[in-house]
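Listed below are the residues making up each chain.
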Amino acid sequence: MSRISGTNVDVLLEALPYIREFHGRTVVIKYGGAAMRDEDLREAFAADVVLLKYVGLNPVIVHGGGPEITEYMQRLGMEVRFHEGLRVSDPETVEVAKMVLLGKLNSDIVLRLNRHGQPAVGLSGEDGALFEVGPVANTADVGMVGSIDRVDIDVLEHVAEDYIPVVASAGADREGNSYNVNADEAAGKVAAALGAHKAIFLTDVAGWLADAGDESSLISRATVEEVEAALANVEGGMRPKLRACVDAIRGGTQYAHIIDGRESHSLLVELFTDAGIGTMVTP
């Protein structure tokens, strides 16, 4: 009697056309939230990204580290404030953010990917002048938060030929002043600059919710025009994610997804199954 599981074979057969379709394509993944904090989810994410590379996709990871930055700020007795989903930042806040992003989180992600079988290289927006950053329009409200004016993809393309790039969301202006850069914005701008096939944002909710307090109100699909029309009424951390989806799509990315990073292997479910999860934004 055959011991082959029909269910397992069905899963592989379901994934095959997607693997074929995505082969050679670039996928930009914004990594953050619970997927970065829970040990099991960190392991699952690393395994997922390595699998993507093995089956012929070109994954590029852009990460933040909001909860970890907050934790270190609190340890140091620093005030933590947010405005419209952005961390209010002074020079000391930027210094702590860079310390956490580059000194801890970026290296941890790189080491984990290496251990799972694919070499990775850690970068920040300051490496190779990857990000050219200027102050956001509402500087009076948020302080030293930067908006990315330009992404120079040369360094990314060189790294991605042989490695998985892991980009921390920090950047500087032409005068060398460092800014706190929102990781969602960074991922959207990187996806646009690379002409990525998909931009995927891992978060701690099921996706974009019509009612932020009701996960049954998930908006599973929306056009970029519908997102733009709704942005003014979206509050909290979902606003920069949706704004980043718009940046990616308007810049040439074909699809943007907001998915629940609290679910193990949610990245593979979104990419390689018929059901999919979360919110998909289309042109």
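Data block above holds the structure.
Residues numbered from 1 in each chain as written. Predicted model: local features only at pLDDT ≥ 70, side-chain atom pairs only at ≥ 80, totals over all residues. Heavy atoms only, no water.

(A) Quick peek at helix H8 (residues 183-194). With 12 residues, H8 should cover 16 Å at 1.5 Å per step; its first-to-last C-alpha distance of 16 Å lies within 8% of that length. Within H8, 9 of the 12 residues are buried, which leaves it mostly tucked inside the rest of the structure. Turning to H8, its buried residues are Ala 183, Asp 184, Glu 185, Ala 186, Ala 187, Gly 188, Val 190, Ala 191 and Ala 192. If you check the start of H8, you find a side-chain oxygen 3.0 Å away from the backbone N of Asp 184, and it comes from Asn 182. Two residues or fewer past H8, Gly 195 is found with a positive phi of approximately 60°. (Helix = DSSP H or I, 4+ residues; strand = E, 2+ residues; numbered from the N terminus. Expected span 1.5 Å × (residues − 1). Buried < 20%, exposed > 50% of the residue type's maximum accessible area, 1.4 Å probe, protein only. Polar contact = N/O pair within 3.5 Å; in protein donor to acceptor, adjacent residues only side chain to side chain.)

(B) Expanded view of the packing of aromatic side chains. Counted by the stated rule, this structure contains 3 aromatic pairs. Taken together, a centroid distance of 6.3 Å and an interplanar angle of 40° make the contact between Tyr 18 and Phe 22 tilted. Of the two residues, Tyr 18 and Phe 22 both sit in helix H1 (residues 6-22), 4 residues apart, roughly one turn of that helix. Pairwise contacts between aromatic rings join Tyr 18, Phe 22 and Phe 272 into one cluster. It is Arg 75 that lies over the ring of Tyr 72; its NZ or CZ is 4.6 Å from the centre. (Phe/Tyr/Trp six-rings, centres within 6.5 Å; stacked < 30°, edge-to-face > 60°. Lys NZ or Arg CZ within 6 Å of the ring centre and 35° of its normal.)

(C) Up close: the nonpolar core. Val 28, Phe 131, Val 190, Val 227 and Leu 242 are the most contacted members of the largest nonpolar core, which totals 39 residues. Take this core: its biggest share by element is 7 residues, from helix H10 (residues 238-250). In contact with Val 190, not counting residues within four places along its chain, are Val 28, Val 60, Val 62, Phe 131, Val 151 and Leu 156. Counting 36 residues, the second largest nonpolar core, distinct from the first, contains Val 100, Leu 202, Ile 259 and Leu 271. (Core = buried A, V, L, I, M, F, W, Y, C linked by side-chain atoms within 4.5 Å. Contact = heavy atoms within 4.5 Å.)

(D) Seen up close, H10. With 13 residues, H10 should cover 18 Å at 1.5 Å per step; its first-to-last C-alpha distance of 18 Å lies within 8% of that length. Within H10, 10 of the 13 residues are buried, which leaves the element mostly enclosed by the surrounding structure. Inspection of H10 places Met 238, Pro 240, Lys 241, Leu 242, Ala 244, Cys 245, Val 246, Asp 247, Ala 248 and Ile 249 among the buried residues, and these make up the whole buried set. At its buried positions, H10 is contacted by strand E1 (26-31), H8, strand E11 (198-203), helix H9 (224-230), strand E13 (255-260) and strand E14 (279-282). Looking one or two places after H10, you find Gly 252, whose phi comes out positive at around 120°.

(E) Molecular detail of the packing of helix H3 (residues 39-54) against helix H5 (residues 91-115). Between H3 and H5, whose axes approach to 9 Å, the crossing angle comes to 60°. Relative to H5, the element H3 lies oblique. Like other packed secondary-structure pairs, H3 and H5 cross with a definite hand, here right-handed. In this structure, H3 uses Glu 39, Arg 42, Glu 43, Ala 46, Val 49 and Val 50 to contact H5, whose residues at the interface are Arg 112, Leu 113 and Arg 115. Here the contact of H3 with H5 is built from residues that sort into 4 nonpolar, no polar and 5 charged. (Axes fitted to C-alpha atoms, helices over the stretch in contact; angles between N-to-C directions. Parallel < 35°, antiparallel > 145°, perpendicular 65-115°, else oblique. Left-handed = near helix turned anticlockwise from the far one by under 90°. Nonpolar A, V, L, I, M, F, W, Y, C, P; charged D, E, K, R; others polar.)

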